[in-house]
Amino acid sequence: KIGKLFKIKKGKRLTKAQMVEGSTNFIGATATNNGVTARIGNKGHIHPAGTITVTYNGSVGEAFYQMQPFWASDDVNVLYPKFEMTEHSAIYFLAPLRKKGKSYGYSYKWTKEMMENDSILLPVTKSGEIDFQYIESRMRELEEERMRELEAYLAAAGFANCDLTLEEQVALRKFSNGEVKFTSCRIDSLFKIATGRDIIIGRTKHGDIPLISHQHSNNGISQYVQAIPDRRIFCYKDTLPLADRGVFLATTQNKDFHIGTRVKALTFKTGEQ
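All of the points below concern the structure found in this document. Just so it is clear, the structure is predicted and the values come from calculations on it, not from any experiment.

## Remarks on the packing of aromatic side chains
Thought 1: Counted according to the given criterion, the structure contains eight aromatic pairs.
Thought 2: Ring centres of Phe6 and Phe93 lie 5.6 Å apart, and the angle between their planes is 90°; this geometry places the pair in the edge-to-face category. Taken together, the positions of Phe6 in strand S1 (residues 6-10) and Phe93 in helix H2 (residues 87-101) put the pair 87 residues apart, joining distant regions of the chain. One exposure class covers both Phe6 and Phe93, and it is buried.
Thought 3: Each residue in the set Phe6, Phe83, Phe93 and Phe132 is aromatic and connected to the rest through ring pairs, giving one cluster.

## Regarding unusual backbone geometry
Thought 1: Phi at Asn34 is positive, roughly 55°, even though this residue is not glycine.
Thought 2: Mapped onto the fold, Asn34 is located in the loop between strand S2 (21-27) and strand S3 (36-40).
Thought 3: Positive phi is not limited to glycine here, since Asn218 has a value of about 55°.

## Regarding the nonpolar core
Thought 1: Counting residues in each nonpolar core, the largest one holds 25 residues, and the members touching the most others are Ile2, Phe6, Ile52, Leu79 and Phe93.
Thought 2: For this core, the secondary structure elements donating two or more residues are helix H1 (2-5), S1, strand S5 (51-55), strand S6 (63-66), H2 and helix H4 (132-156).
Thought 3: The contact partners of Ile52, leaving out residues within four places of it in the chain, are Phe6, Ala63, Phe64, Tyr65, Asn77, Val78, Leu79, Met85, Ala90, Phe93, Leu94 and Leu97.

## Focus: the sheet that holds strand S13 (residues 258-259)
Thought 1: One open sheet holds the three strands; their spatial order is S11-S10-S13, and the pairing between them is mixed. Every interior strand has two partners, whereas the edge strands, strand S11 (221-225) and S13, have only one.

## Section: the environment of Arg186
Thought 1: As for its placement among the helices and strands, Arg186 is situated in the loop between helix H5 (166-176) and helix H6 (187-190).
Thought 2: Here the side chain of Arg186 touches Asp188 through a polar contact of 2.9 Å, side chain to side chain.

## Details of the pattern of salt bridges
Thought 1: Considering all chains together, one arrives at nine salt bridges under this definition.
Thought 2: Here Asp74 makes a salt bridge to Arg13, at a shortest N to O gap of 3.8 Å. Of this pair, Asp74 sits in the loop between strand S7 (70-72) and strand S8 (76-81) while Arg13 sits in the loop between S1 and S2, placing them 61 residues apart in sequence.
Thought 3: Since its relative accessible area comes to 23%, Asp74 is described here as partly exposed.
Thought 4: Where Arg140 meets Glu136, a salt bridge forms, and the shortest distance between an N and an O atom there is 3.2 Å. With Arg140 and Glu136 both in helix H4, this residue pair falls four residues apart, about one helical turn.
Thought 5: Residue class for Glu136 comes out buried when judged on its relative accessible area of 18%.
Thought 6: Through salt bridges that share partners, Glu145, Arg146 and Glu149 make up one connected network.

## Regarding H4
Thought 1: Look at H4: 36 Å from first C-alpha to last across 25 residues, which is about the 36 Å you get at 1.5 Å a residue.
Thought 2: Among the residues making up H4, those that are buried are Ile135, Glu136 and Met139.
Thought 3: The secondary structure elements touched by the buried residues of H4 are H2.
Thought 4: Immediately beyond the C-terminal end of H4, within one or two residues, lies Gly158, with a positive phi of roughly 80°.

What counts as what
Residues numbered from 1 in each chain as written. Predicted model: local features only at pLDDT ≥ 70, side-chain atom pairs only at ≥ 80, totals over all residues. Heavy atoms only, no water. Phe/Tyr/Trp six-rings, centres within 6.5 Å; stacked < 30°, edge-to-face > 60°. Helix = DSSP H or I, 4+ residues; strand = E, 2+ residues; numbered from the N terminus. Buried < 20%, exposed > 50% of the residue type's maximum accessible area, 1.4 Å probe, protein only. Core = buried A, V, L, I, M, F, W, Y, C linked by side-chain atoms within 4.5 Å. Contact = heavy atoms within 4.5 Å. Pairing = 2+ DSSP bridges. Polar contact = N/O pair within 3.5 Å; in protein donor to acceptor, adjacent residues only side chain to side chain. Salt bridge = Lys/Arg side-chain N within 4 Å of Asp/Glu carboxyl O. Expected span 1.5 Å × (residues − 1).

Here's what the structure looks like:
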């Protein structure tokens, strides 16, 4: 039973109007972003790191391991382990919890009482005890397999060296700590916007300049052409092509390019980025 493995505590309601800006994770009824829907500065109902959050309303059954202290909304139950739970064993528990949660839905909430009495399937030893040693070793094994797969993919893609620069590390830390603030900006306050015109493909000659179209594949490049008279070649270092119909795909390029119909070129007003 889940209630024998975990002490379950209900989250506390906090409306958007009550939220204070801060750096503490607010866990809501969502299936994405590890459950984080906001960053707040409110105090008083903070749960510790090393626990599991499970939504019982909304996206019912979504389970996440929390590595930082957090506030859980009233749509979320917090599972405090009654055993020594590592990060690896916690992640193992997420799968059976999510599977059990599929028995519920928007109109059939997975309440604290139901959760306490529900059971999940776990590996056991010959004596019938939960095999925590297997759980730990299996998760470490899977982690190592995924890391090898990732390293092989990055090497094949030419990204074997992915170390962050000091500047990037500082920026990431500021974002994680909630120091970075966001506000709405008009697109035309950041970019000069140019609109592409029809290009008759039969009149173009094969070359090495990318022609950006409104297609989704191949990074938006439909073909490579020679310079087209009376058409601007955009600098890839300060311009983003944006398909303005159909796929609405924005891309970055590694060569100067032409744009075709249904494509806009957004050039930074501040120069190269």
